[in-house]
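# Reading the structure
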Amino acid sequence: SFLDVEEDPVTVLVTGAAGQIGYALVPMIARGEMLGTNQPVILHLLDIEPAAEALNAVKMELIDSAFPLLKGVVATTNVVEACTDVDIAIMVGGFPRKDGMERKDVMSKNVSIYKAQAAALEQHASSNCKVLLVANPANTNALILKEFAPSIPEDNITCLTRLDHNRALGQISERLNVHVNDVKNVIIWGNHSSTQYPDVNHATVSTDKGTKSVRELVNNDQWLNTEFVTTVQQRGAAIIKSRKSSSAFSAASSACDHIRDWVLGTPKGTWVSMGVYSDGSYGVQPGLIYSFPVTCEKGEWSIVQGLKIDEFSRAKMDATAEELIEEKALAYSCLN
Ligand code: NAD
Ligand code: LMR
């Protein structure tokens, strides 16, 4: 596998590479923030015809940056060329949500894109290609991609909720005035949407006096069960409102975190949140792409098992599953 031989470059596809996340993401990958600072990479950049010139400018800037790890760049509007021999595919291309738009409005524009790109990946990417769906609706786009690329192992198709996970860590860090790196094991359950459930019931903070639970340190269940939850749920919308466009470098940085931990492994005792194909764990309907707490080892994720779920959490986990079931139905109705 590509993990064994560090000298062999890994080929990474970024779709929507001329867009704002793409512009932040490609230099991060080329610097080794996704696969490590010893791992050479070849970048395949895909965008559509109207963005072809801007895409070429991204390629020019990559060349101009003289990145030591970057062994090649293909910038193209041809989906087959973009997908050929790809080891890792970061799917960012699509139509982003604008201020005032609901995520469902962007659904029909995006599911048809992902149906087509699934076929190209299936036929031309490496057989063990790992896929990260970033474009919204991220979970449902991943599901569509999975269904139309049946020969790609289902465990290889994931979506990004690491940004939400990192946002939750950030909120706890700000509240407790501790470093974000000392906070761990928050969970994002469900959809990358405003129904997601950021759960701190198992989260901890490392302190001088040992490991403490976040609930104990915050000592304010009211805040944790209301304002904290809605702040994380609404953070994407808050960024859109302030920036007039959706989050970009934080999404790019979280995408690097997602792939790095998946490929290189999660640190001992730490889990992260990833949108993955549900096997029915925690009573989540099998066949949804749902965000779970996962640990990763040797390029494989596994859902953290045996966490105690209280009634409050159960209701929130079910509500976001319900939304994903509706999105799935809506996606299929858009395809017909
Ligand atoms: P953007 O509009 O700046 O860039 C999107 C790019 O995709 C554009 O360059 C566009 O030309 C290209 N594109 C459109 N159709 C394409 C196709 N068929 N094939 C290839 N490329 C195509 O948007 P952005 O701000 O970079 O956001 C990208 C996506 O990521 C959006 O869907 C946004 O909602 C989503 N997003 C997800 C998260 C997350 O955490 N999961 C966070 C932020 C944004
Ligand atoms: C985000 O989380 O920043 C993006 O997914 C924007 C959105 O559409 O909510």
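Above this text you will find the structure in question.
Nothing here was measured: the structure is a model prediction, and the numbers come from that model.

### Examining the site of ligand 1
- Around ligand 1 there are 28 residues in total, and Gly16, Gly19, Ile21, Gly93 and Asn136 lie nearest to it.
- The element that contributes the greatest number of residues to the shell around ligand 1 is helix H1 (residues 20–30), accounting for three residues.
- Taken together, the residues that form the shell around ligand 1 break down as 15 nonpolar, eleven polar and two charged.

### Quick word on the packing of helix H6 (residues 162–176) against helix H11 (residues 249–264)
- Packing of H6 against H11 brings their axes to within 8 Å, and their N-to-C directions diverge by 105°. Considered as vectors, H6 and H11 are oriented roughly perpendicular to each other. Facing H6, whose interface residues are Arg162, Leu163 and Asn166, H11 presents Ser250, Ala251, Ser254, Asp257 and His258.
- Of the residues belonging to the contact of H6 with H11, the class tally is two nonpolar, four polar and two charged.

### With respect to the sheet that holds strand E7 (residues 183–184)
- Pairing within the open sheet is antiparallel, and its three strands lie in the order E7-E10-E11. Strand pairing shows two members of the sheet lacking a second neighbour, E7 and strand E11 (210–213), which therefore form its edges.
- With four bridges joining them, strand E10 (residues 204–207) and E11 adopt antiparallel strand pairing. Within E11, the position partnered with Val205 by the bridge is Lys212.

### Description of the nonpolar core
- The biggest cluster of nonpolar side chains holds 96 residues, and the ones touching the most others in it are Ile90, Leu133 and Val134.
- The residues touching Leu133, leaving out its near neighbours within four places in the chain, are Met91, Ala138, Asn141, Ala142, Leu145, Cys159 and Leu160.

So, how was this worked out
Every chain is numbered on its own, with residues counted from 1 as its sequence reads. The lettering of chains begins at A and the numbering of ligands begins at 1, in the order of writing. In view of the model being predicted, local features appear only for residues whose pLDDT reaches at least 70, and side-chain atom pairs are presented and counted only at 80 or more, with totals across whole chains, interfaces and linings using the full set of residues. Using a C-beta atom placed from the backbone for every residue, we mark a residue as near a molecule or strand if that atom lies within 6 Å of it. Runs of H or I in DSSP of at least four residues are treated as helices and runs of E of at least two as strands, each being numbered from the N terminus. Note that Gly is not counted as nonpolar here; it falls among the polar residues with everything else outside the nonpolar set of Ala, Val, Leu, Ile, Met, Phe, Trp, Tyr, Cys and Pro and the charged set of Asp, Glu, Lys and Arg. Each axis is a line fitted through C-alpha atoms, taken for helices only over the stretch in contact, and angles between the N-to-C directions span 0 to 180 degrees. Working rule for angles: under 35 degrees goes down as roughly parallel, over 145 as roughly antiparallel, 65 to 115 as roughly perpendicular, anything else as oblique. Remark: residues whose backbone-derived C-beta atoms lie within 7 Å of one another are considered to be in contact. Should DSSP find at least two bridges between two strands, the strands are taken to pair. What makes a nonpolar core is a set of buried Ala, Val, Leu, Ile, Met, Phe, Trp, Tyr and Cys residues, with links drawn between C-beta atoms within 7 Å. Any residue whose C-beta has 12 or fewer other C-beta atoms within 10 Å is treated as exposed, any with 20 or more as buried, and any in between as partly exposed, C-beta atoms being built from the backbone.

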